[in-house]
Amino acid sequence: MHVAVLGTGHMATTLATGIIAAGHTVTFGSRNPDQHTDLEAPVVSVTGALSGADLVLNALNASATLDALTPVADAFDGLVVLDLGNAADEHFQLLYPADSLGERLQKALPGARVVKSLNTLPGEVAANPSLLPEPTNVFLSGDDADAKALVSSLLVDLGWPVEQQIDLGGIQSAHATEAFFAFFMGLMPIVGFGPINIRIVR
Ligand SMILES: NC(=O)c1ccc[n+]([C@@H]2O[C@H](COP(=O)([O-])OP(=O)(O)OC[C@H]3O[C@@H](n4cnc5c(N)ncnc54)[C@H](OP(=O)(O)O)[C@@H]3O)[C@@H](O)[C@H]2O)c1
């Protein structure tokens, strides 16, 4: 598939590497395409990157996502958007504690189908789960079954077999995984920064 990766930062470039290694193609969308000539895929404007995309990966700074994408909402009509953002301020406090960026992004892009995933773990693990010595879990939230199936297939290609994927239900369930960010940021300084993830054990 062809993936529009929005952003040129850590998550965008790390996941693009995994997506390309899995045999897919990528175009990055950036505010400043001319400043990113060293990336491993073409870099164009955010709306330009959407052209021909089968899937959009939103890896913009999460707290800037709504302001950046709402004015160009029409350009997302018909697209599946995998959003991995955890919107927080500089003190790691959640910006939308009563709901979630995922829900707000779905409302801001009514013609798109938003799926929340890959927001509960470090980018390097998201792109390459075999960095960890044991299988761990990744979560999906979204209202559209076909959109979740498309995201699920990309996750499989990144190394997340379906049995490690947990479908939490509709996009409102992004509230739970985004709230997990608060715990995650408390945990990391204690256990150490680096590849880490959780697994559900029954
Ligand atoms: N870091 C992680 O391990 C991790 C894990 C899970 C989830 N996340 C989520 O992923 C998001 C991205 O993380 P990151 O580490 O990749 O951040 P990052 O390195 O700062 O990259 C964010 C990108 O967003 C774009 N951007 C920044 N400010 C913007 C603005 N005001 N308007 C529009 N675009 C803007 C920039 O791309 P251009 O300059 O090219 O436009 C920038 O490269 C985070 O906000 C976080 O919620 C991160």
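First things first, this report covers the structure right here in the doc. (Residues numbered from 1 in each chain as written. Predicted model: local features only at pLDDT ≥ 70, side-chain atom pairs only at ≥ 80, totals over all residues. Heavy atoms only, no water.)

1. Considerations on the sheet that holds strand β6 (residues 113-117)
Moving on, step 1. Read across the open sheet, the eight strands follow the order β3-β2-β1-β4-β5-β6-β7-β8; overall the sheet is mixed. Two strands lie at the open edges of the sheet, namely β3 (43-44) and β8 (165-169), each paired on one side alone.
Moving on, step 2. Across two bridges, the pairing between strand β2 (residues 25-29) and β3 is parallel. Bridge pairing in β3 places Gly29 opposite Val44.
Moving on, step 3. Packed on one face of the sheet, helix α1 (residues 10-21) meets β1 (2-6), β2 and β4 (55-58) and runs near 165 degrees to β2.
Moving on, step 4. Lying over the sheet, helix α4 (residues 101-108) contacts β4, β5 (80-83) and β6, oriented at roughly 165 degrees with respect to β6. (Pairing = 2+ DSSP bridges. Helix = DSSP H or I, 4+ residues; strand = E, 2+ residues; numbered from the N terminus. Contact = heavy atoms within 4.5 Å. Axes fitted to C-alpha atoms, helices over the stretch in contact; angles between N-to-C directions.)

2. Quick look at the pattern of salt bridges
A side chain with one charge can pair with a side chain of the opposite charge if their charged atoms come near.
Moving on, step 1. Taken as a whole and assessed by the stated rule, the structure comprises six salt bridges.
Moving on, step 2. Across the pair Arg113 and Asp144 runs a salt bridge, and its minimum N-O distance is 3.2 Å. Of this pair, Arg113 sits in strand β6 while Asp144 is found in the loop between β7 (138-142) and α6 (145-158), placing the two residues 31 residues apart along the sequence.
Moving on, step 3. Note that Lys148 is salt-bridged to Asp167, the shortest N-O span being 2.8 Å. Pair noted here: Lys148 is in helix α6 and Asp167 is in strand β8, with a separation of 19 residues, a long-range link. (Salt bridge = Lys/Arg side-chain N within 4 Å of Asp/Glu carboxyl O.)

3. Some remarks on the pairing of β5
Taken residue by residue, a regular strand's side chains alternate between the two faces of the sheet.
Moving on, step 1. The alternating pattern of β5 places Val80 and Leu82 on one face and Val81 and Asp83 on the opposite face, and all of these are buried.
Moving on, step 2. Bridge analysis of β4 against β5 gives three bridges, and the strand direction is parallel. In the strand pairing of β5, Leu57 is matched with Leu82.
Moving on, step 3. Where β5 meets β6, four bridges bridge the pair, whose relative direction is parallel. Its bridge partner being in β6, Asp83 is matched across the sheet by Lys116.
Moving on, step 4. Assessed by its sense of winding, the connection that carries the chain from β5 through α4 to β6 is right-handed. (Buried < 20%, exposed > 50% of the residue type's maximum accessible area, 1.4 Å probe, protein only. Right-handed = clockwise from strand over helix to strand, strands pointing away.)

4. Notes on the packing of aromatic side chains
Moving on, step 1. Under the defined criterion, the tally for this structure stands at three aromatic pairs.
Moving on, step 2. Arranged with centres 6.1 Å apart and planes meeting at 45 degrees, the rings of Phe180 and Phe184 form a pair that is tilted. Of this pair, Phe180 and Phe184 both sit in helix α7 (residues 174-191), four residues apart, which is roughly one turn of the helix. For the pair Phe180 and Phe184, one class covers both residues: buried. (Phe/Tyr/Trp six-rings, centres within 6.5 Å; stacked < 30°, edge-to-face > 60°.)

5. Looking at the site of the ligand
Moving on, step 1. Around the ligand, the surrounding shell holds 22 residues, and the nearest of these are Thr8, Met11, Ser30, Ala62 and Asn86.
Moving on, step 2. Residue Arg31 places a side-chain N or O atom 2.9 Å away from an oxygen atom belonging to the ligand.
Moving on, step 3. The backbone of Asn61 places a nitrogen or oxygen atom 2.9 Å from an oxygen atom of the ligand.
Moving on, step 4. A total of 880 Å² of accessible area belongs to the ligand in isolation, and the protein chains cover 72% of it.
Moving on, step 5. Tallied by class, residues from the shell around the ligand come to 10 nonpolar, 11 polar and one charged. (Near = heavy atom within 4 Å. Polar contact = N/O pair within 3.5 Å; in protein donor to acceptor, adjacent residues only side chain to side chain. Areas by Shrake-Rupley, 256 points an atom, 1.4 Å probe, with all protein chains shown as cover. Nonpolar A, V, L, I, M, F, W, Y, C, P; charged D, E, K, R; others polar.)

6. Focus on the environment of Ser173
Moving on, step 1. The topology assignment puts Ser173 in the loop between β8 and α7.
Moving on, step 2. Classification of Ser173 by relative accessible area gives buried; the value is 11%.
Moving on, step 3. Separated by 32 residues in the primary sequence, Ser173 and Ser141 have C-alpha atoms spaced 5.8 Å apart.
Moving on, step 4. Within the structure, the side chain of Ser173 is placed 2.7 Å from the side chain of Ser141, a separation counted as a polar contact.

7. Re unusual backbone geometry
Moving on, step 1. The backbone phi angle of Phe92 is positive, close to 65 degrees, even though this residue is not glycine.
Moving on, step 2. Structurally, the position occupied by Phe92 is in the loop between β5 and α4.
Moving on, step 3. The class of Phe92 is partly exposed, set by a relative accessible area of 45%.
Moving on, step 4. At Leu118, a residue that is not glycine, the phi angle is positive and equals roughly 65 degrees.
Moving on, step 5. Residue placement: Leu118 occurs in the loop between β6 and α5 (123-127).

Keep in mind that these numbers describe shape and distance, not what the molecule does.
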